[in-house]
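Coordinate analysis (summary)
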Amino acid sequence: MTRYFSQDHEWIEVDGDVGTVGITDYAQGQLGDITFVDLPAEGASVGKGDAVSVVDSVKAASDVYTPVSGSIAAVNEALADQPELVNTDAETGGWLFRVTLSDTSELGALMDEAAYKTFVDSL
Amino acid sequence: MNAPNASGWRPSLGDAAQAKNATSSGDYALMLEEALSFELGSADKCGVDLEAPGRAPAAGLAKFMRKAAPVLPGLTEPETVRHYTRLSRQNYGIDLGPFPLGSCTMKHNPRLNEKMARLPGFADVHPLQPQATVQGALEVIEQLAHWLITLTGMASVAMSPKAGAHGELCGLLCIRAALDARGEKRDVVLVPESAHGTNPATAAFAGFKVESIPATPAGRVDLAALKSKLGPNVAGVMITNPNTCGLFEPDMRAIADAVHAVGGYVYCDGANFNAIVGKVRPGDLGIDAMHINLHKTFSTPHGGGGPGAGPVVLSEALAPFAPLPFVTRGDDGSMHLVEEENASEGHGQAFGRMVAFHGQMGMFTRALTYILSHGADGLRQVAEDAVLNANYVLRACADVLPAPFADSGPCMHEALFSDSGLAPGFSTLDIAKGLIDEGFHPMTVYFPLVVKGAMLVEPTETESKAGLDRFITSLRSVAQRAKDGDDSLHAAPHYAPRRRLDETLAARKPVLVWQGEPGMAGTPSLSEIGGS
Amino acid sequence: MRYLPLTSSDRAAMLETIGVAGVDDLFVDVPAAARLSGPIEGLPPHASEMAVERHMTALAAKNLSAGSVPFFLGAGAYRHHVPASVDHLIQRGEFLTAYTPYQPEIAQGTLQVLFEFQTQVARLFGTDIANASMYDGSTACWEAILMAARITRRGRTVLSGGLHPHYGEVVRTMAKFTQDDIVSLAPELVADPDDAAVITQIDADTSSVVVQYPDVLGRIPDLAAIADAAHAKGALLVVVVTEPVALGMIEAPGVLGADIVVGEGQSLGVGLQFGGPYLGLFGCREKFVRQMPGRLCGQTVDAAGKRGFVLTLSTREQHIRREKATSNICTNSGLCALAFSIHLTLLGGEGVARLAGLNHEKAQMTFDRLARIPGVSLLNAAYFNEATVLLPRDAREVVRDLADRGILGGVSLGRLFPVADGLHNGLLVAVTETTTDDDIEAFAVALEAILAGETA
């Protein structure tokens, strides 16, 4: 399994042709306490860069963009009752949705962990 | 813990219960806690004496009857008066002190306006009475319309919109109707990034796509950037003038000319009309439509969130599309209502109807009273004093708080500050909460979005110099504490009816209605809703 | 000027602090060409309280106030007795002169009132939740249609012919611009509402059906049947209530299967006011909360553990979501919501039921009496406090003749439905607890005389 990062602060961990997507720990720290996560419909087909999910804090609503194209394979049902998982567990249990990738070459445009860390340090 | 009272309710004492001087009631002299009405009342109490009906319901109604009365406890009059009076004391209002919310124009509400609105000839009149029986009410609408047109230098006014955002919608729908009449399908509205949130929301509500225009470093609309976005797909622009940074847009005429040159229309958000009333006529600046918040400039009370009123003045180009209904004056001085029935006689292009009935009559009465009370000299003095008061605050505080646009000249009726330069970990929120402890309502915070940690102070013309001096002293003191890193500010307010409230909890587990049964302390306990 | 506290010496001192010579120097950004140098055309100078009061009182005197004559108008605005304490309490400066509660620590009064108001509306409507108010019933109706479209992701709406025509006009006006597909059924002068026709129109593309309860002619639709039909096709039932007092007597729409219930709250606490400001009520199922328009007040705790209230779920709203907001509404009808809430607190559930019973009883007396007039008959199979009577000729002229005799005798259907010629003999008559036996008799005698051709 390989983990990639986007400049919009999403992470995606790819296993075969399925990628699990969430927002990074850095992103959750910027957003503050997450109060609600609006998740995409399972089965929906999505294009790279589409705003497919919304993460709400008390004073902001932030779009989450899918870093890859494909179809939504699953969403994290646990977030309905525990949106705070995105705060406490952003890069593991606080994942948002899974995508079945339609074009794995899109992963090439994303950053690896080290590159993302350099990117965040530069902000 | 304190003992429950007769109804079973007891105040939530929180940490105060452990304090050395804790009272047994949970009240502290004039600091009074108050239960929910449902916790105080009971099903067998009623504050209105009503005889019991003496005959059975009509047979036709039987199958529709409610199985049981609504589960709502009642209260007698003395209990009701006490409940709401105690609640009112947990509120701040203009009657208590300055309420310097930028963009909101919280000025004194003259009580004559209240008295006039309550005359039975205005308050106890039905909107569908025969027109011959409501000539005075129609005349109030007509007279107010006349003064709004005169003060803005526009061709016409649509009176029915219910508030500012509803007025924005009215203006944009007039633009849509005018474009439709020209057979054009333009779908883009340009909105500055500093705009009120209602502007892009309204444009989307009216079916337009929103494109953002950047601001210049001097806090004005970037004319060059605006021009670069103009084209045959642009229906119009929405400009706030004076803008949300509290500055006049000196290029307004040039903006209007450029938009008109490509066939678009200019909408002006009139939320800040108070700064220029009697001094500048928007009609002279090339504006096609502008709403006027009667609850701002013309001081109808805001009432803790409305009602407002948002009449929209219109240029010659948009006037034919104004929505129904409206009032016209006949040659003999009689008033006539134009409605669906007779709109085809000369008003066939009206775009439709935005509300049931005629708009916010109660606000019209108050606003007309306000205009006549102030007169031509008074209205101009309103604008001048509002601008003077804001500049006084700006110059008196600019050495302790950064004022991002102060170098470019005077402000209009609002002074804008930023939280840059506070000690690490301190922000606008701390200053706002610190001002609460000082006895003031805070300014507008974190708006406009184009300034980091924005604080927008609008004193209005109804503050005295002595009152402003007290406010300035407090603002300077709190700002200095935030610069010095005074940690006690993080816990402010200390002296308000409530400390900082857990908004995250409220949003994660919404409790929007009381869940209990009457006459019992039925709300979830603090532990049940996640409190400590 | 009595409203402006600055003195000339204050102004001079402040200009000096600012560092400018005169107030005109503060308006330097306004181009000279845009400055109004002359007087404001026709506007006299400031005036005393006495002078303004004289002017306004003279205008008020040109109106025939409802309380001064026998009065039978309804059609979406009802004259009920408002207890004296309501108007006293809403004029407490802490309520009257507060803003939207953006600083909750010093706005608990307004916020707790909103929480109580939301609870009262939800319990009256039989819905899980309610919001903190909309502008009025007609705009709440359109917002409900938009909300249903967001939930169902469909764009076709069926309007019952029993919907108040102004509400229908608002919906059709807005839909012109949003491209929503609105099917409007035509009203008919028959004894029962158009439930069957509404049900026939529901298809797989239908987002919502909008039914008024009681309807504009005073008839009472069978909501449960319409709800079942709508839900079978995946559509939502939106119920409009223009007379909330009716819900003291007839079953709550939410209990009968309505998904969204909106209404006009003017009947309780607010008064007639020639049509505004009024009070939009909005309730719905809890699962739709994230799609609701308008402000919501929620319960929470403060840093010291005390119960308190805040505006919540604000990410739906325009000041955060901007063009993606569920609505553009900002200012709503806060003070009218307070008045409604106080009136309902005085009444309690049992009081509302008794008030409704009195309204219905007076209506029975009225319609029994009117139906004894030759040529007059009652249309409705069922009614609460308002019903349609059929006259032998156009009711518009009759209403004017009644006004000439000092009686405000209802709303003609010709006024409400100007283009529907078939309705014009209908007269909509509303009766409340304020109606006296003498009012009823005076109305009946005058109506009989007019229909008999007697001149006043």
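Okay, so let's go over this structure. (Residues numbered from 1 in each chain as written. Chains lettered and ligands numbered in written order. Predicted model: local features only at pLDDT ≥ 70, side-chain atom pairs only at ≥ 80, totals over all residues. Heavy atoms only, no water.)

1. Some words on the interface of chain C and chain B
Worth spelling out the cut-off: Contacts are assigned to residue pairs with any non-hydrogen atoms lying within 4.5 Å of each other. We define buried area as the total accessible area lost by two parts upon association, computed with a 1.4 Å probe and summed across both. The working definition used for a salt bridge is a side-chain nitrogen of Lys or Arg within 4 Å of a carboxyl oxygen of Asp or Glu. Any pair of N or O atoms that falls within 3.5 Å is considered a polar contact. Within protein, one atom must be able to donate a hydrogen and the other to accept it, and sequence-neighbouring residues count only if both atoms are side-chain atoms. Only runs of H or I of at least four residues qualify as helices and only runs of E of at least two qualify as strands under DSSP, and these elements are numbered from the N terminus.
Counting from both sides, the interface comprises 198 residues of chain C and, opposite them, 219 residues of chain B. Carbon and sulfur atoms supply 63% of the area that chain C and chain B bury against each other, a total of about 17600 Å² over both sides. When the buried area of chain C at its contact with chain B is split by residue, R123, F274 and R415 of chain C rank highest and sum to 6% of it. At the boundary of chain C and chain B, one finds 15 salt bridges. At the surface where chain C touches chain B, the tally comes to 96 residue pairs in polar contact (both at pLDDT 80 or more). Counting residues per element, the side of chain C that touches chain B draws most heavily on helix α11 (residues 334–370) of chain C, which supplies 24 residues.

2. Quick word on the pattern of salt bridges
Under the convention used in this document: A simple rule labels every residue: compare its accessible area, found with a 1.4 Å probe on the protein chains alone, to the largest value its type can have, and call it buried under 20%, exposed over 50%, or partly exposed in between.
Within the structure shown, the criterion is met by 56 salt bridges over all chains. For the salt bridge of D63 of chain A with R321 of chain C, the shortest nitrogen-to-oxygen distance reads 4.0 Å. Here D63 of chain A, found in strand β7 (residues 61–65), pairs with R321 of chain C, found in helix α10 (residues 318–321), and the two come from separate chains. On the accessibility criterion, R321 of chain C (16% relative accessible area) is buried. When the shortest N-O distance is used, the salt bridge between E142 of chain B and R329 of chain B registers 2.9 Å. Linking E142 of chain B in helix α5 (residues 135–152) with R329 of chain B in strand β8 (residues 326–329), this pair joins segments that are 187 residues apart in sequence. Among the charged side chains, a network of salt bridges with common partners joins E114, R118 and R366 of chain B together with D87 of chain C.

3. Overview of unusual backbone geometry
Omega for the bond connecting F447 of chain B with P448 of chain B falls within 30 degrees of zero, at 0°, which places this linkage in the cis form. Within the fold, P448 of chain B resides in the loop between β11 (444–445) and β12 (455–457). Omega for the bond connecting A492 of chain B with P493 of chain B falls within 30 degrees of zero, at 5°, which places this linkage in the cis form. By the element assignment, P493 of chain B lies in the loop between α12 (465–484) and α13 (503–508). Even without being a glycine, R153 of chain C presents a positive backbone phi close to 55°.

So yeah, pure geometry; function would need other evidence.
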